[in-house]
Amino acid sequence: MLILKKLSKAYDAPVLTDFSYEFPDCGFFLIRGRSGVGKTTLLRIIAGLETADTGTIEPSSPAVSFVFQEARLLPFLTLRENVLLVKARRDEKEADRFIDRLGLKDAADKYPDALSGGMRLRAAIARSLYFGGDVYLWDEPTKELDAENRRIIAEIIRERSQKALFLVVSHDDSLAGGTEILLS
Amino acid sequence: MKAVFKTKWAAYSAALLFWLGFWHICAVKAELSFILPKPLEVFKRFFELLGHFAFYQTLLISLLRVTVGFLGGLFLGVLSGFLSHRFFWARSLISPMMSVIKATPVASFILVVILWIERGGVPSFISLLMVLPIVWQNTVLGLEKRDPALGEMAQVFRLGKWRTLLRVDLPQVIPFILSASKTGMGLSWKAGIAAEVLALPAESVGEMIHNAKLYLETVDLYAWTLAIILTSVLLEKLFSALFSPKKGGRYADPQKAVQGL
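Residues numbered from 1 in each chain as written. Chains lettered and ligands numbered in written order. Predicted model: local features only at pLDDT ≥ 70, side-chain atom pairs only at ≥ 80, totals over all residues. Heavy atoms only, no water.

1. So, the interface of chain B and chain A
Size of an interface: often given as the accessible area lost when the parts come together. Taken residue by residue, the interface counts 21 residues in chain B and 29 residues in chain A. Across the chain B to chain A interface the summed buried area is about 2200 Å²; carbon plus sulfur atoms make up 62%. The tally of links between chain B and chain A comes to two salt bridges. With a closest N to O distance of 2.7 Å, Arg72 of chain A and Glu152 of chain B form a salt bridge. Summed over the shared surface of chain B and chain A, the number is eight residue pairs in polar contact (both at pLDDT 80 or more). At the level of elements, helix H7 (148–156), helix H8 (160–199) and helix H11 (254–258) of chain B are the ones that each hand at least two residues to the side of chain B that touches chain A. If one sorts the elements of the side of chain B that touches chain A by residue count, H7 of chain B sits on top with six residues. (Contact = heavy atoms within 4.5 Å. Buried area = accessible area lost by both parts, 1.4 Å probe. Salt bridge = Lys/Arg side-chain N within 4 Å of Asp/Glu carboxyl O. Polar contact = N/O pair within 3.5 Å; in protein donor to acceptor, adjacent residues only side chain to side chain. Helix = DSSP H or I, 4+ residues; strand = E, 2+ residues; numbered from the N terminus.)

The structure is reproduced here in structure tokens:
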């Protein structure tokens, strides 16, 4: 269970005000809302990348697995090495499983600068899946992807949300099926 | 003209021939070989030197002295760079010292250092001083230019302090250190030889140059200088070959290293 109580955050202006929600251990939640309402901020607060001005999170530092809006791959590592990086105990078979699933097998040994934006984003998703965790926080994971890859991502989310909690910021209709949370 | 110089090598060779010709004409006009010897005389003497074991021995000993200083400067530069980035007090302490080292003429340093340590150690110490501020400055710059987005990635995936340092931070800083090393290597080699000329440690290129000057053996002076130049070029080529981007040297380009993709 992930319990958010009255989370608020303001920069120059308030972006998140008294947001509360009780998430179950597993499931798929789509976080929606217009630009600037604090969708990304909410994910960042849950991940511990930012501190809420007020409010609490229980547990205070959940084991999260993040996909940022940008892939954030290390440019001096290959795609496979980028995926493997996030676990101290490397499991190449497991990493390759996710790389293959996301259609990146042929690109596994390439460096990020040789990949398209969509491939980098899929690599970031593979990294998040390989890392695992109780809570998956994915920020616009299908932004630069074609229809086929969006379908694969939706399928992965549906499968894995049976056992883990997925909080996904997206306006992509191919990800429909999750419980929608509209931020305003 | 464009057709003649259509390759880079042809253009370089033509330029080299032009300057050798210019040198030859000046030498003929000067008439006195102890003031300006002809290039052919210098090359002849240089090839004679190449046939002597002592030439390689002298060159290697000088190279060893400079390398010791270079590596010492590299180590201290990186260490002080990390400290300066991490602690404000360290930066406040180290920064003025680096400014002084950079602004002080190398000849002043050599003359002062001769009074402090035994002469064999002077070239190493001077080489260290040449490379230290450059590596320090670039290490600090590299640390400042790290991509904070990659830091967040490391944080969210809980890489921990050491893995973040070794796998995320250090590779972003290495290109800056390598760039400084490449510049520092040439500088420390030249300054190290200058230190040898003044400190005169036994079996050194500097001693050979000093003796050549003392006995007006200008051809020898030029031949040894040619050896120094060629060694410098070889070192630079070796460095580039070792850390070229083609050999997995993603470390060669600082901009690529700090830009999370």
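2. Section: the sheet that holds strand S4 (residues 54–58) of chain A
For sheets, the rule is that strands pair by backbone hydrogen bonds, running either parallel or antiparallel. All names here are of chain A. Judged by pairing direction, the sheet is antiparallel, and its three strands sit side by side in the order S2-S1-S4 without closing on themselves. For this open sheet the edge positions go to strand S2 (14–23) and S4, each flanked by a neighbour on one side alone. Looking at each pair of strands side by side, their axes are set apart by 15° on average, direction ignored. Of the strand pairs in this sheet, strand S1 (residues 2–10) and S4 are connected by four bridges, and their pairing is antiparallel. When the bridges of S4 are listed, Leu4 appears paired with Ile57. Contacts from helix H1 (residues 39–47) reach S1, S2 and S4, with the element oriented near 120° to S1. (Pairing = 2+ DSSP bridges. Axes fitted to C-alpha atoms, helices over the stretch in contact; angles between N-to-C directions.)

3. A short note on the environment of Arg34 of chain A
Residues and elements named next belong to chain A. Within the element layout of this structure, Arg34 appears in the loop between strand S3 (27–32) and H1. With a relative accessible area of 60%, Arg34 lands in the exposed category. Sequence spacing of Arg34 and Leu85 is 51 residues, and the spatial spacing of their C-alpha atoms is 34 Å. Every residue in contact with Arg34, bar those within four places of it in the chain, is listed here: Lys39 and Leu183. (Buried < 20%, exposed > 50% of the residue type's maximum accessible area, 1.4 Å probe, protein only.)

4. Observations concerning the packing of helix H3 (residues 53–86) of chain B against helix H4 (residues 88–103) of chain B
Residue and element names in this part refer to chain B. Following both chains from N to C, one finds H3 and H4 inclined at 130°, their axes separated by 6 Å at the closest point. One element, H3, and the other, H4, form an angle in the oblique class. The hand of the H3/H4 crossing is left-handed. In this structure, H3 contributes Ser80, Leu83, Ser84 and Arg86 to the contact, and H4 contributes Phe88, Ala90, Arg91, Ile94 and Met98. Tallied by class, residues from the contact of H3 with H4 come to five nonpolar, two polar and two charged. (Parallel < 35°, antiparallel > 145°, perpendicular 65-115°, else oblique. Left-handed = near helix turned anticlockwise from the far one by under 90°. Nonpolar A, V, L, I, M, F, W, Y, C, P; charged D, E, K, R; others polar.)

5. Points about the side chain of Thr231 of chain B
Residue and element names in this part refer to chain B. Counting through the fold element by element, Thr231 comes out in helix H10 (residues 218–242). Its relative accessible area of 10% is what places Thr231 among the buried residues. Within the structure, Thr231 has its side chain in polar contact with the backbone oxygen of Ala227 (distance 2.6 Å). Those residues in contact with Thr231, other than ones at most four positions away along the chain, are Leu59, Leu63 and Trp189.

6. Examining the packing of helix H2 (residues 39–50) of chain B against H10 of chain B
All names here are of chain B. Two numbers describe how H2 lies on H10: the axes approach to 8 Å, and their chain directions differ by 70°. Overall, the two elements H2 and H10 adopt an arrangement that is roughly perpendicular. Where H2 crosses over H10, the two elements pack in a sense that is right-handed. Together, Glu41, Val42, Phe43, Arg45, Phe46 and Leu49 of H2 and Val219, Asp220, Tyr222, Ala223, Trp224, Leu226, Ala227 and Leu230 of H10 make up the contact between the two elements. In terms of residue class, the contact of H2 with H10 is made up of eleven nonpolar, no polar and three charged.

7. Comments concerning helix H4 (residues 117–131) of chain A
Residue and element names in this part refer to chain A. Between the first and last C-alpha of H4 there are 21 Å, a value that for 15 residues agrees with the 21 Å anticipated at 1.5 Å per step. Along H4, 13 of the 15 residues are buried, which leaves the element largely enclosed by surrounding structure. A positive backbone phi angle near 75° is found at Gly132, which sits one or two residues after H4. (Expected span 1.5 Å × (residues − 1).)

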